[in-house]
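For reference, the chains in residue letters:
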Amino acid sequence: MRQILEAIRAGASGDELAALPLPESYRAAVVRRDDVEMFEGLESADKDPRKSLHLQDVAVPELAPDEAYVAVMASSINFNTVWTSIFEPLPTFGFLDRLGKESMWGARHALPYHVVGSDGAGVVLRVGSAVRNWKPGDRVVIHCNYVDDQDPSAHDDSMLAANQRIWGFETNFGGLADLAVVKANQLMPKPAHLSWEESAVNALCNSTSYRMLVSKNGAAMKQGDVVFVWGATGGLGGYACQYVLNGGGTPVGVVSSPDKVELLHELGVDAVIDRKAANYRFWSDEHTQDESEWRRLGKHVRSLVGEDPNIVFEHPGRQTMGASVFICARGGTIVTCAATSGFLIEYDNRHLWMKLKSIKSSHFANYREAWDANKLIGQGRIQPILSAVHPLDDVGEAAFQVHRNLHEGKIGVLCLAPEEGLGIDDPEFRAKVGEDKITLFRRHP
Ligand SMILES: NC(=O)c1ccc[n+]([C@@H]2O[C@H](COP(=O)([O-])OP(=O)(O)OC[C@H]3O[C@@H](n4cnc5c(N)ncnc54)[C@H](OP(=O)(O)O)[C@@H]3O)[C@@H](O)[C@H]2O)c1
């Protein structure tokens, strides 16, 4: 891989890259099948990704005709890597085994190790015989919607495909590695004005937020909508706030520290709630929610923006869903893609039906949505929310930071890229977009 990296840094042509030999093995962040019971009996918060994520050399798998090898310059930590590394809610080896039974190409994935990671930016090294739109040398980012496009169910909205998977979570050979194996229909052009690590952090969370808020498959936000965003400086929320501002809406961001309040103000979000400072306690005990706390939150939102939210951007789940359903405006939409604090949700259905609210589910994004979201990054209209960068050797610590909610925005991981700041191909456009805007989260202490 060193020879490949030198060639990429020297600006080798696609033909030159294609002529370089591929290694037999590569460096990758993995969890091991033998470890799946290592955290038995511990609370989720005590399960430590630093113990379960390992860096090891793994064999380069054979390439299927519709796939590409990508030299990964940088990747990022997503919450799904936290789930994989703490083996919750299930060990991901079950996903790999199921894929393994589907086809001869699927069988490559069922291994004693799982190469994790659902984001990546890098350079195409080889493409399979069926790939038409990409070639060696292309600088790309990778989205994580992994679909078998020969299945008819994949041909309306591909997120509805019967065998839709998330690459690097429900498949092997993910992005937290020096090499990745991806389907050609996961590739998108790398934004020319961004560094490798700034490019690598966007695809998963940016595309998810785009579908949740902008797409007709999500809440289809309109100009003027008030949008309540939980975790507004987190991976999803940091993009969600930008979509609301871009789309002529009013974001109400919720965070949990004064630093994050300040960061949101700098991002242009005026209405901010510090949930810790306000000491919201939506559950009076493990089994009982406190409606007076929902009402207090509703009043808080009205005091900030004068009305109830047309859209509530939900992902914390059990802890917040009762409040989310309550505070949403009559006829509004609660759009949800996750349940970080617990999957079994409880809300008062009277507040939903009597006020004709809807709960809309959303999951990642189809290729078109991911492409359109990536285009906005390329146009400098949505900024990367990279806040910290770790080398691949330190992947366990990076995942630990996300697990413990010690981070803001997105954590980037340098894979082949030896240092930050490389890969910027269009410095003039970068200057036009504005260094300050691009690096807002990175500069924030
Ligand atoms: N379905 C999909 O396609 C999809 C895609 C991406 C992510 N997800 C899921 O969505 C969730 C969030 O992902 P992310 O990348 O945004 O994670 P993240 O970077 O950790 O941000 C989430 C934020 O939510 C807030 N939060 C956490 N627990 C909370 C609670 N109990 N009550 C209120 N706020 C809470 C925290 O912000 P404050 O502490 O500042 O309030 C945190 O920073 C994860 O479960 C992830 O797996 C799903």
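Calculation rules
- Just so you know, the residues in each chain are numbered from 1, in the order the chain's sequence is written.
- Side-chain atom pairs in this predicted model are given and counted only at pLDDT of 80 or more, local residue features only at pLDDT of at least 70, and totals for whole chains, interfaces and linings cover all residues.
- Think of the side-chain values as coming from all heavy atoms in the structure, minus any hydrogens and water.
- Counting from the N terminus, the helices are DSSP H or I runs at least four residues long and the strands are E runs at least two residues long.
- For the radius of gyration, the atoms used are the C-alpha atoms, and the globule rule reads 2.2 Å times the number of residues raised to 0.38.
- Relative accessible area decides the class of each residue, using a 1.4 Å probe on protein chains only: under 20% of the type maximum gives buried, over 50% gives exposed, and in between gives partly exposed.
- The criterion used for residue contact is that any of the two residues' heavy atoms lie within 4.5 Å.
- Areas reported as accessible are Shrake-Rupley estimates using a 1.4 Å probe. Residue values count occlusion only from the protein chains shown.
- Working convention for charge: Lys and Arg count positive, Asp and Glu count negative, and His plus the chain ends are omitted.
- Throughout, a charge is located at the NZ atom of Lys, the CZ atom of Arg, the CG atom of Asp or the CD atom of Glu.
- Two rings belonging to Phe, Tyr or Trp (six-membered ring only in the last case) form a pair when the distance between their centres is within 6.5 Å. Interplanar angles under 30 degrees mark stacking, angles over 60 mark edge-to-face geometry, and anything in between is tilted.
- Counted as over-ring charges are cases with an Arg CZ or a Lys NZ within 6 Å of the ring centre that also lie within 35 degrees of the ring normal.
- Only when DSSP finds a minimum of two bridges between them are two strands counted as paired.
- With the strands pointing away from the viewer, any crossover whose connection runs clockwise from the first strand over the helix to the second is right-handed.
- In this description, the arc belongs to the directions extending from the helix axis to the C-beta atoms.
- Whether a residue is near a molecule or strand depends on its heavy atoms: if one lies within 4 Å, it is near.
- Polar contacts, as counted here, are pairs of nitrogen or oxygen atoms within 3.5 Å of one another; within protein the pair requires one atom able to donate a hydrogen and one able to accept it, and residues that are adjacent in sequence qualify only if both atoms are side-chain atoms.
- When residues are grouped by polarity, Ala, Val, Leu, Ile, Met, Phe, Trp, Tyr, Cys and Pro land in nonpolar, Asp, Glu, Lys and Arg in charged, and all others, Gly among them, in polar.

## Things to note about the overall build of the protein chain
At step 1: Secondary structure assignment for the protein chain yields 17 helices and 20 strands.
At step 2: In terms of overall dimensions, the protein chain is globule-like: its C-alpha atoms have a radius of gyration of 21 Å, near the 22 Å expected for 445 residues.
At step 3: With respect to the principal axes defined by its C-alpha atoms, the protein chain has extents near 65 × 50 × 45 Å.
At step 4: Across the 445 residues that make up the protein chain, the buried fraction comes to 60%.
At step 5: Within the protein chain, contacts between residues at least 6 apart in sequence are counted, and of these 73% link residues at least 24 apart.
At step 6: Total accessible area computed for the protein chain in this model is approximately 18500 Å², and 49% of it derives from carbon and sulfur atoms.
At step 7: When the 45 positive and 58 negative side-chain charges of the protein chain are each reduced to one mean point, those points stand 5 Å apart.

## What to know about helix 7 (residues 203–213)
Two residues of an α-helix separated by three or four positions point the same way, owing to the 3.6 residues in each turn.
At step 1: Burial runs high along helix 7: 11 of the 11 residues are buried.
At step 2: All of the buried residues in helix 7 are Ala203, Leu204, Cys205, Asn206, Ser207, Thr208, Ser209, Tyr210, Arg211, Met212 and Leu213.

## A look at the packing of aromatic side chains
At step 1: One pass over the full model with this rule turns up 11 aromatic pairs.
At step 2: Summarising the aromatic geometry, the rings of tyrosine 367 and tryptophan 371 are spaced 5.9 Å apart at their centres and angled 80° between planes, so their arrangement reads as edge-to-face. You can see tyrosine 367 and its partner tryptophan 371 sitting in helix 13 (residues 367–378), 4 residues apart, about one turn around the helix.
At step 3: Tyrosine 367 gets classed as partly exposed once you look at its relative accessible area, which sits at 25%.
At step 4: For tryptophan 371, a relative accessible area of 33% translates into the label partly exposed.
At step 5: The lysine or arginine in question, lysine 183, covers the ring of tyrosine 146, its NZ or CZ lying 4.8 Å from the ring centre.
At step 6: Here lysine 190 stacks its cationic end above the ring of tryptophan 196, 5.3 Å away from the centre of that ring.

## Let's talk about the environment of proline 191
At step 1: Along the chain, proline 191 falls in the loop between strand 10 (187–189) and helix 6 (196–200).
At step 2: Residue class for proline 191 comes out buried when judged on its relative accessible area of 4%.
At step 3: Along the sequence, proline 191 and isoleucine 359 sit 168 residues apart, while their C-alpha atoms lie 34 Å from each other.
At step 4: Every residue in contact with proline 191, bar those within four places of it in the chain, is listed here: Val141, Ser199, Asn374, Ile377 and Gly378.

## Examining the pairing of strand 11 (residues 226–229)
At step 1: Where burial is concerned, the two faces of strand 11 agree: the one with Val226 and Phe228 and the one with Val227 and Val229 are both buried.
At step 2: Examined bridge by bridge, strand 11 and strand 12 (residues 250–255) share 4 bridges and lie parallel to one another. The partner of valine 226 across the bridge, within strand 12, is threonine 250.
At step 3: Regarding topology, helix 8 (residues 235–246) serves as the crossover connection from strand 11 to the parallel strand 12, and that connection is right-handed.
At step 4: Here strand 11 runs beside strand 16 (residues 311–314); their pairing, made up of 3 bridges, is parallel.

## Observations regarding helix 1 (residues 2–9)
At step 1: All of the buried residues in helix 1 are Ile4, Leu5, Ala7 and Ile8. All buried residues of helix 1 fall inside an arc of 160° around its axis, so they share one side. Residues Arg2 and Glu6 are exposed on helix 1 and point more than 90 degrees away from its buried face.
At step 2: The inward-facing, buried residues of helix 1 contact helix 2 (14–19), strand 3 (67–76) and strand 5 (120–127).
At step 3: Of the residues one or two after helix 1, glycine 11 is the one with positive phi, at around 75°.

## Section: the site of the ligand
At step 1: Taken together, the neighbourhood of the ligand is formed by 26 residues, with Ser256, Arg275, Thr340, Phe364 and His407 sitting nearest.
At step 2: Contact distances for the ligand include 2.9 Å between a nitrogen atom and a side-chain N or O atom of histidine 363.
At step 3: Contact between the ligand and asparagine 405: an oxygen atom at 2.9 Å from a side-chain N or O atom of the residue.
At step 4: Across the complex, the protein chains shield 89% of the 910 Å² of accessible surface that the ligand would expose by itself.
At step 5: Broken down by secondary-structure element, the contributors of at least two residues to the shell around the ligand are helix 4 (79–85), helix 7 and helix 8.
At step 6: With 3 residues, the single largest contributor to the shell around the ligand is helix 7.
At step 7: Broken down by class, the residue content of the shell around the ligand amounts to 11 nonpolar, 13 polar and 2 charged.

## Here's the deal with the pairing of strand 3
At step 1: Here strand 3 lies mainly inside the structure; 10 of its 10 residues are buried.
At step 2: Relative to strand 9 (residues 179–183), strand 3 is paired through 5 bridges, and the arrangement is antiparallel. Each bridged residue has a counterpart across the sheet, and for glutamate 67 the counterpart in strand 9 is lysine 183.
At step 3: Bridging between strand 3 and strand 20 (residues 410–414) involves 3 bridges; their strand directions are antiparallel. Looking across to strand 20, one finds that alanine 74 is bridged to leucine 414.

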